[in-house]
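Chains, contacts and geometry: an overview
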Amino acid sequence: MEALPNANSIAYFDTSFHRTIPPHISSYAIRQDIAKKRGLQKYGFHGLSYTYILHAVTVFLHQEPAATNLIVLHLGSGASMCAIRAGKSLDTTMGLTPLNGLPGATRSGAVDPSLIFHYTNRAGRISHDRSLAVNVHVTQAEDILNKHAGWAALTGTTDFGEIVRQMRAVEERRAAGEAVGEEEGKWKLAFDLFVDRVIGYVGSYFAKLGGEVDALVFSGGIGERSVELREEVGVDGADGVVVDIGTSKDKKRVLVCRTDEQLEMAKECALSEKFWRRN
Ligand SMILES: Nc1ncnc2c1ncn2[C@@H]1O[C@H](COP(=O)(O)OP(=O)(O)O)[C@@H](O)[C@H]1O
Ligand SMILES: CC(=O)OP(=O)(O)O
Ligand SMILES: [Mg+2]
């Protein structure tokens, strides 16, 4: 801003791609007058990434977006998934905020919302007795679930690659007959927990798309690089912007797409006529 004081600043909303999510999917089952007044609905995130991936994948498949159904996994420090029907977002795992859905580096992902009240209560169960409240205000719960949960809370690292390496090392030590402390089970717990949530949404989105899925697309640091995770979700593979890594057990196409949110923003700016008009 200081270096280019006369430049226009352009903001892109990471939620725009998800504006096509139908109301019965984007609404929460709460009073709708309050929901509308306060804007309490599913917005979804990683929209720039999904826009980029949809374009790259449809070019790769030689298919029109309007004729393409995908299940896309954006698995990075922040992780989400998207069901794309006829080139449009039908559902996504993040919600009103990025907290919902899959766990991530420091996010818990979906939890039973009542967990917050149990977490902040000494008794471990809901009570109206204030003396039982621990020194955690409910508003702090949002911070805890966003910034002090996920891999960081489960294992002490935010690096998923490290979790996979440690899990493998433990398995090797076990196989060699070495004693392994109970605490070392945390690596596998984090890995398996993530795989479980991912598979849960793959199944849900497969059903929502009526089984008509052109491809399952892996992206984000974990999706692009973790062969272990892809194997657990049912597939395996390589390198390039979009790579065909074969078919899953049910004969669905599996792709890996190196996503690029910055390039998507730059492209949208470059292609928008209005940004090139002189004032
Ligand atoms: N080979 C790998 N196996 C598993 N995880 C990996 C591998 N390489 C990178 N990662 C993980 O990818 C994550 C970062 O993904 P990225 O999409 O760059 O995140 P961000 O959301 O910060 O942009 C880190 O947790 C990193 O450990
Ligand atoms: C919503 C979002 O972009 O999350 P992250 O930056 O963690 O990927
Ligand atoms: Mg990210």
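Residues numbered from 1 in each chain as written. Chains lettered and ligands numbered in written order. Predicted model: local features only at pLDDT ≥ 70, side-chain atom pairs only at ≥ 80, totals over all residues. Heavy atoms only, no water.

Let's talk about the overall build of the chain
Which entries qualify depends on this criterion: Helix and strand definitions follow DSSP, with helices as H or I runs of at least four residues and strands as E runs of at least two, each counted in order from the N terminus. Accessibility throughout is a Shrake-Rupley quantity obtained with a 1.4 Å probe, and a residue counts as covered only by protein chains that appear here.
Assigned secondary structure in the chain consists of 11 helices and 6 strands. Summed over all atoms, the accessible surface of the chain reaches about 16,100 Å², with 53% contributed by carbon and sulfur.

A word on the packing of helix α7 (residues 160-175) against helix α8 (residues 185-208)
Where we set the bar: Think of each axis as a best-fit line through the C-alpha atoms, taken over the contacting stretch in the case of a helix, with angles from 0 to 180 degrees between the N-to-C directions. Here is the rule for angles: anything less than 35 degrees is roughly parallel, anything more than 145 is roughly antiparallel, 65 through 115 is roughly perpendicular, and the remaining ranges are oblique. Each helix crossing is assigned a hand: it is left-handed if the near helix lies turned anticlockwise from the far helix by less than a right angle, otherwise right-handed if that turn is clockwise. Working rule for contacts: check all heavy atoms of both residues, and any pair within 4.5 Å makes them a contact. When residue character is reported, Ala, Val, Leu, Ile, Met, Phe, Trp, Tyr, Cys and Pro are called nonpolar, Asp, Glu, Lys and Arg charged, and the others, Gly included, polar.
Viewed as axis vectors pointing N to C, α7 and α8 meet at an angle of 120 degrees, and their least axial separation amounts to 8 Å. One finds that α7 runs oblique with respect to α8. The interaxial crossing formed by α7 with α8 has left-handed handedness. In contact with F160, I163, V164, Q166, M167, V170 and E171 of α7, α8 contributes W187, K188, A190, F191 and F194. Of the residues contributing to the contact of α7 with α8, the split by class is 9 nonpolar, 1 polar and 2 charged.

A few points about the UniProt feature "binding site: ATP" (unreviewed entry) in the chain
The test is simple: UniProt positions are given in the numbering used here, feature names are shortened, and annotations may be inferred rather than shown by experiment.
Here the UniProt-annotated "binding site: ATP" (unreviewed entry) positions come out as H74, L75, G76, S77 and G78. Along the polypeptide, L75 turns up in strand β1 (residues 70-75). Beyond its immediate stretch of four places on either side in the chain, L75 contacts S80, L102, F194, S219, G220, G221, I222, G223 and L229. Not counting chain neighbours up to four residues away, the residues in contact with S77 comprise G104 and A105.

A closer look at the nonpolar core
As a reminder of what qualifies: The set of buried Ala, Val, Leu, Ile, Met, Phe, Trp, Tyr and Cys residues whose side-chain atoms join them within 4.5 Å is what this entry labels a nonpolar core. Each residue's exposure class comes from its accessible area (1.4 Å probe, protein chains only) as a fraction of the maximum for that residue type: buried when under 20%, exposed when over 50%, partly exposed otherwise.
Core analysis: the biggest nonpolar cluster contains 35 residues, and F160, F194 and L229 have the highest contact counts within it. Element by element, the count of residues in this core is highest for α8, at 8 residues. If near-sequence neighbours (up to four positions away) are discounted, F160 is found in contact with W151, F191, F194, I222, S226 and L229. Grouped together as the second largest cluster of nonpolar side chains are 16 residues, L54, L61, I84 and L255 included.

Considering the UniProt feature "active site" (unreviewed entry) in the chain
Put simply, the rule is: For the purposes of these results, a polar contact is taken to be a pair of N or O atoms within 3.5 Å, where, inside protein, one atom must be able to donate a hydrogen and its partner to accept one; residues adjacent in sequence count only when each atom of the pair is a side-chain atom.
Per the UniProt record, the feature "active site" (unreviewed entry) sits at D14. Note that D14 resides in the segment before α1 (23-26). Each residue touching D14, except ones within four places of it in the same chain, is listed here: G44, F45, H46, G47 and L48. Of note is the side chain of D14, whose polar atom sits 3.0 Å from the backbone nitrogen of H46.

Some remarks on the environment of M167
Among the structural elements, M167 can be located in helix α7. For M167, a relative accessible area of 7% corresponds to the buried category. For the pair M167 and L189, spaced 22 residues apart in sequence, the C-alpha separation works out to 9.1 Å.

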